[in-house]
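Spelled out from the first residue to the last, the chains are:
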Amino acid sequence: MQLTAQATPATRSGARDADGMAVASFVLGLLGLLVLNVFLGPIAIVLASVALWRGTARRGRAYLGLGLGVADLLVLVAFMQLDSTVSWNL
């Protein structure tokens, strides 16, 4: 008798959610470089961390989202130092 592991709908749904979070973190991190980086950067970091914790199949996108989220915050800090303000604009 051979036992095979079958993916249950709940398991596959969780994996899809993690994959979606990885892609969302990448997109939000990329958008955050241009606009609203004070909000989108931390959201990208959280989504990427949760996606990695849940074991996403899209680890590369999750790591890119994490890096872009950190870059968003670094850009914000750099422009805040240059302008001596709480936010920045072009």
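Our structure is the block above this text.
Just so it is clear, the model here is predicted, and its values are computed rather than measured.

Asks: It is not clear to me how the overall build of the protein chain should be interpreted in this structure. Could you clarify?
Replies: In terms of helices and strands, the protein chain carries 3 helices and 0 strands. Secondary structure elements of the protein chain, listed N to C terminal, follow the sequence α-α-α. Looking at the protein chain as a whole, 24% of its 90 residues qualify as buried. Considering only contacts in the protein chain between residues 6 or more positions apart, those separated by 24 or more positions represent 63%. Entry remark: accessible area of the protein chain is about 6200 Å², with carbon and sulfur atoms responsible for 69%.

Asks: Honestly, helix α2 (residues 37–53) in this entry has me stumped. Any pointers?
Replies: It helps to recall that an α-helix has 3.6 residues per turn; residues three or four apart then point in one direction. Compared with an ideal rise of 1.5 Å per residue, which puts 17 residues at 24 Å, α2 spans 24 Å between its outermost C-alpha atoms and is within 8% of the ideal. Turning to α2, its buried residues are Asn37, Leu40, Gly41, Ala44, Ala48, Ala51 and Leu52. Each buried residue of α2 sits inside an arc of 105° when the element is viewed along its axis, so together they form one side. Opposite the packed face of α2, turned more than 90 degrees from it, sit the exposed residues Phe39, Val46 and Trp53. At the exit of α2 stands glycine 55, carrying a positive phi of roughly 80°.

Asks: Help me understand the nonpolar core, please; the structure alone is not making it clear to me.
Replies: As a rule of thumb, soluble globular proteins bury nonpolar side chains together. Ranked by size, the top nonpolar core spans 5 residues in total: Met21, Ala22, Ala51, Leu52 and Ala62. If you list the elements that add at least two residues to this core, you get α1 (9–32) and α2. The residues contacting leucine 52, other than those within four sequence positions of it, are Arg59, Ala62 and Tyr63.

Asks: Is there a simple way to think about unusual backbone geometry in this case?
Replies: What is expected of a backbone is that most residues other than glycine have negative phi and most peptide bonds are trans. Here the phi dihedral of leucine 36 falls at roughly 50°; this positive angle occurs in a residue that is not glycine. The residue leucine 36 is located in the loop between α1 and α2 in this model.

Asks: Explain a nonpolar patch on the surface to me, please; I cannot follow it from the model alone.
Replies: A surface patch of nonpolar side chains, amounting to about 600 Å² of accessible area, comprises Leu34, Val35, Leu36, Val38, Phe39 and Ile43. Structurally, the position occupied by valine 35 is in the loop between α1 and α2.

Asks: Sorry if this is basic, but what is going on with the side chain of aspartate 72 here?
Replies: Within the fold, aspartate 72 resides in helix α3 (residues 59–83). Although aspartate 72 is buried, it makes no salt bridge; arginine 61 carries the closest opposite charge, 16 Å away. Apart from the residues within four sequence positions on either side, aspartate 72 is in contact with Leu28, Gly29, Gly32, Leu33, Asn37, Leu40 and Gly41.

Rules behind the numbers
Every chain's residues receive numbers from 1 upward, in the order its sequence appears when written. In view of the model being predicted, local features appear only for residues whose pLDDT reaches at least 70, and side-chain atom pairs are presented and counted only at 80 or more, with totals across whole chains, interfaces and linings using the full set of residues. Derived side-chain values reflect all non-hydrogen atoms in the structure, with water molecules and hydrogen atoms excluded from consideration. For the purposes of this entry, the term helix denotes a DSSP run of H or I that reaches at least four residues, the term strand denotes a run of E that reaches at least two, and both are numbered from the N terminus. To sort residues, take the accessible area from a 1.4 Å probe on protein chains only and compare it with the maximum for the residue type: under 20% means buried, over 50% means exposed, and anything in between is partly exposed. Any two residues whose heavy atoms approach within 4.5 Å at even a single point are treated as in contact. Surface accessibility in these figures is a Shrake-Rupley result with a 1.4 Å probe; residues are shielded only by whichever protein chains are displayed. Every helix has an expected span of 1.5 Å times one less than the residues it contains. Each direction from the helix axis to a C-beta atom contributes to the arc, which is the arc of those directions. Here, nonpolar core means buried Ala, Val, Leu, Ile, Met, Phe, Trp, Tyr and Cys residues that are tied together by side-chain atoms lying within 4.5 Å of each other. A patch is a set of surface residues, each over 30% in relative accessible area and not in a salt bridge, joined within 9 Å for like charges and within 5 Å for the nonpolar side chains Val, Leu, Ile, Met, Phe, Trp and Tyr. Each reported salt bridge corresponds to a side-chain nitrogen of Lys or Arg within 4 Å of a carboxyl oxygen of Asp or Glu. Only four residue types enter the tally: Lys and Arg on the positive side, Asp and Glu on the negative side, with His and both chain ends excluded.

That is the geometry; function is a separate question.
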